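Listed below, chain by chain, are the residues.
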Amino acid sequence: MEFKVVTASYDAAAHLLSYTATGLRNGLHFTVSSRVKCLKDPGSAERLHMVVLLALTDHFKRPSPSGLRW
């Protein structure tokens, strides 16, 4: 999976990371906007990338609305 984090912001009071990522998976282009609960601010670009990677991996494990896996 190739992806790029387009925007990201961390709300320290709510411990939420809001992000938008776009990329390519199995030949299909995708854009995902979501929020992830974090215990602390990701801080660096590498940590931010890893948090989004874990969230996207979890997102794509879920079945699609048609019941098929991505």
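Located above this text is the structure these notes cover.
Residues numbered from 1 in each chain as written. Predicted model: local features only at pLDDT ≥ 70, side-chain atom pairs only at ≥ 80, totals over all residues. Heavy atoms only, no water.

### Concerning the environment of F3
Inference 1: Mapped onto the elements of the fold, F3 is located in strand β1 (residues 2-11).
Inference 2: Remark: the alpha-carbon pair of F3 and S34, spanning 31 residues in sequence, is separated by 14 Å. (Helix = DSSP H or I, 4+ residues; strand = E, 2+ residues; numbered from the N terminus.)

### A closer look at the pairing of β1
Inference 1: One ladder, built from nine bridges, connects β1 with strand β2 (residues 16-25); its direction is antiparallel. Considered in β2, the bridge of V5 is made with A21.
Inference 2: Hairpin geometry of β1 and β2 is characterised by an intervening segment of four residues between the two adjacent antiparallel strands and by a positive phi of about 60° at H15. (Pairing = 2+ DSSP bridges.)

### Quick word on the packing of aromatic side chains
Inference 1: Under the defined criterion, the tally for this structure stands at one aromatic pair.
Inference 2: Seen in terms of ring centroids, F30 and F60 are 5.1 Å apart; in terms of plane orientation they differ by 75°. Their pairing is edge-to-face. Note that F30 is positioned in strand β3 (residues 28-37) and F60 in helix α1 (residues 45-61), a separation of 30 residues in sequence.
Inference 3: Judged by relative accessible area, which is 8%, F60 ranks as buried. (Phe/Tyr/Trp six-rings, centres within 6.5 Å; stacked < 30°, edge-to-face > 60°. Buried < 20%, exposed > 50% of the residue type's maximum accessible area, 1.4 Å probe, protein only.)

### Quick notes on α1
Inference 1: Here α1 spans 24 Å end to end across 17 residues, near enough to the 24 Å set by a 1.5 Å rise per residue.
Inference 2: Taken residue by residue, α1 has V52, A55, L56 and F60 as its buried positions. An end-on view of α1 places all buried positions within 130° of arc, on one side of the element. Away from its buried face by more than 90 degrees, α1 exposes E46, L54 and K61.
Inference 3: Looking at the buried positions of α1, the neighbouring elements they touch are β1, β2 and β3. (Expected span 1.5 Å × (residues − 1). Arc of directions from axis to C-beta. Contact = heavy atoms within 4.5 Å.)

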